[in-house]
Amino acid sequence: MRNHWKKEEIIYLKKEYCNNKNKDLANKLKKTESSINNKAYELNLKKDKEFYCKARRHLPLEINKKKLEELYLINKISIRRIAKELNVGKTTIEYYFNKYKIKRRDKSEANKERFKWDIVWTKGKSKEKDPRLKNISNKLKIIWGIRKQKRIKNIELKFNKTFRDLLNQLYWIEGLSLEKIGKKLGYDRVILSNLFKEYDINLRPNFQYISSLKGANHSHFGKSWEIFFGKEKAYELRKKASVRARKAIIRRISNNEFPFFNTKIELKLSEEMTKGDISFISQFNIDNRFVCDFAIPSSKLVIECDGDYWHGNPSLYNKEKLGERQKINIYRDKIKDKYINKKGWKILRFFESDIKKSPIRCVNEIERHINNPLLEHQ
């Protein structure tokens, strides 16, 4: 049966609503709290601000401006994580942010900081196993497909040509490179390369740089730069190539363009760390110079997963009989460790065989170093 409001009840509600709790009003009028809420909304009634602040749940700790600024602005912790650490609701933290007039990060910056620290619900899941992720993936494909076609249509209207004819003209008739075409049309080189495949447009064979196309009968086969250019010129060319490669790597690391991926042993260790409720960042960038397999910034701890062969596991390979590639990788590891240690980070390295044999033991070692920051790695 519908609970009708009498005229005197409405008068009483208007008079007492601003300075009384809904629970007390409900008991007095013999109605439910939801009924009080709905009627107050209908009548546009508001609580008195001073009464509302006093009636709020008293927290077991003091939340002051200095503490919030330290956590949010200095330590770069997200609002969600602050709420979790202080054991309060997210809206409570937002209330104090408004109260103390603390300027919040924009949405883009907030998401970047949040995903550095918070373990999102998608962690460890894939669209093949989780129907929610599959549904999101399918929706994104449709959205990006619509945007892609809209962008192509705008380019076709601008140049008054079909997109395929335009690509053919720029590449085969005008002789432009993929990079120059990309700048002209506003596309990344990799995306443009995929569009060439999609539209079935062949690329020019690059005989100057693709050694696999030379073959034993080619005039350059088996010959070094020193033979063609001389020792000094070859040294200059190699140095320039090294500088170009270095700049490209730094650019890719800075823009997250580098094709980083987790190996099988990295996936195995990350799965075990997730089970142990260890918060970590995968493929962590340090000063645009090195990318580490995992990092736990709160403990200044870096974790590396080393393949037995490529990093010359001493328990499996004789130090005196290592291959050239193994020696280079070990030398690079030493340089990397030295630089990272200098920056105040500790490094834990686990070999492939150790991770496969007992990932739990590796995670126990990680936890040991998290709980004992001054512990030296043995």
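Residues numbered from 1 in each chain as written. Predicted model: local features only at pLDDT ≥ 70, side-chain atom pairs only at ≥ 80, totals over all residues. Heavy atoms only, no water.

A word on the overall build of the chain
The cut-off we apply is this: Every helix listed is a DSSP run of H or I at least four residues long, and every strand listed is a run of E at least two residues long, numbered separately from the N terminus. Think of it in three bands: residues with accessible area under 20% of the maximum for their type are buried, residues over 50% are exposed, and the middle band is partly exposed, with areas taken using a 1.4 Å probe on protein chains only. Here, residues are in contact when the closest pair of their heavy atoms is within 4.5 Å.
Looking only at helices and strands, one finds 18 helices and four strands in the chain. Per-residue burial over the chain gives 30% buried out of 378 residues. In the chain, 54% of the contacts between residues at least 6 apart in sequence involve partners at least 24 apart.

Describing a nonpolar patch on the surface
The condition that has to hold: Candidate patch residues must exceed 30% relative accessible area and have no salt bridge, after which like charges are joined if within 9 Å and Val, Leu, Ile, Met, Phe, Trp or Tyr side chains if within 5 Å. Areas reported as accessible are Shrake-Rupley estimates using a 1.4 Å probe. Residue values count occlusion only from the protein chains shown. We count a salt bridge whenever a side-chain nitrogen from Lys or Arg sits within 4 Å of a carboxyl oxygen from Asp or Glu.
Residues Ile 136, Leu 140, Ile 143 and Trp 144 make up a contiguous nonpolar surface patch of roughly 380 Å² in combined accessible area. In this structure, Trp 144 sits in helix H9 (residues 131-159).

Focus: helix H2 (residues 22-29)
Worth spelling out the cut-off: Each C-beta atom gives one direction from the helix axis, and the arc is the one those directions make.
Within H2, burial applies to Asn 22, Leu 25, Ala 26 and Leu 29. Considered in projection along H2, the buried side chains sweep an arc of 100° and stay on one side of the axis. Relative to its buried face, H2 has exposed residues pointing more than 90 degrees away, namely Lys 23, Asn 27 and Lys 28. Next to the buried residues of H2 lie helix H1 (7-16) and helix H3 (33-42). Where H2 ends, the next residue or the one after it, Lys 30, has phi of about 55°, a positive value.

Points about the sheet that holds strand E2 (residues 290-296)
Hydrogen bonding along the main chain pairs the strands of a sheet, whether they run parallel or antiparallel. Heads up, the rule is: The criterion for strand pairing is that DSSP finds at least two bridges linking the strands in question. Angles run from 0 to 180 degrees between N-to-C directions of axes, and those axes are lines fitted to C-alpha atoms, restricted for helices to the stretch in contact.
The strand order across the open sheet built from four strands is E1-E2-E3-E4, with neighbouring strands paired in mixed fashion. The strands lining the two open edges of the sheet, one partner per strand, are strand E1 (281-286) and strand E4 (346-351). Each neighbouring strand pair of the sheet contributes to a mean axis angle of 45°, computed without reference to strand direction. Where helix H16 (residues 324-342) meets the sheet, its contacts fall on E1, E2, strand E3 (301-306) and E4, and the angle it forms with E4 comes to roughly 150°. Packing of helix H18 (residues 359-371) onto the sheet brings it into contact with E2, E3 and E4, and relative to E4 it is tilted by some 170°.

Section: the packing of aromatic side chains
Let me state the cut-off plainly: Paired rings are identified among Phe, Tyr and Trp, the last through its six-membered ring, by centres lying within 6.5 Å, and are further divided according to the angle between planes into stacked (under 30 degrees), edge-to-face (over 60) and tilted (the rest). Consider the ring centre and the ring normal. A charge sits over the ring if Lys NZ or Arg CZ is within 6 Å of that centre and within 35 degrees of that normal.
Tallied over the full model, the rule gives 12 aromatic pairs. Aromatic pair Tyr 95 and Tyr 96: ring centres 5.1 Å apart, planes at 75°, arrangement edge-to-face. Residue classification places Tyr 95 among the partly exposed positions, given a relative accessible area of 22%. The exposure class of Tyr 96 is buried, given its relative accessible area of 15%. Taken together, the aromatic side chains of Tyr 95, Tyr 96 and Tyr 100 make up a single cluster linked through ring pairs. If you follow Arg 105 out to its NZ or CZ, it ends over the ring of Tyr 72, 3.8 Å from the centre. One Lys or Arg, Arg 151, reaches over the ring of Tyr 187 and ends 4.1 Å from the middle of that ring.

Re unusual backbone geometry
In this structure, Asn 44 is a non-glycine residue whose phi angle is positive, near 60°. With respect to the helices and strands, the residue Asn 44 is situated in the loop between H3 and helix H4 (49-55).

A few points about the environment of Thr 92
Topologically, Thr 92 is positioned in helix H7 (residues 90-100). Under the relative-accessibility criterion, Thr 92 is labelled buried at 10%. Placed 29 residues apart in sequence, Thr 92 and Ile 63 show a C-alpha to C-alpha distance of 9.9 Å.

Without other data, these values stay purely geometric and don't point to any function.
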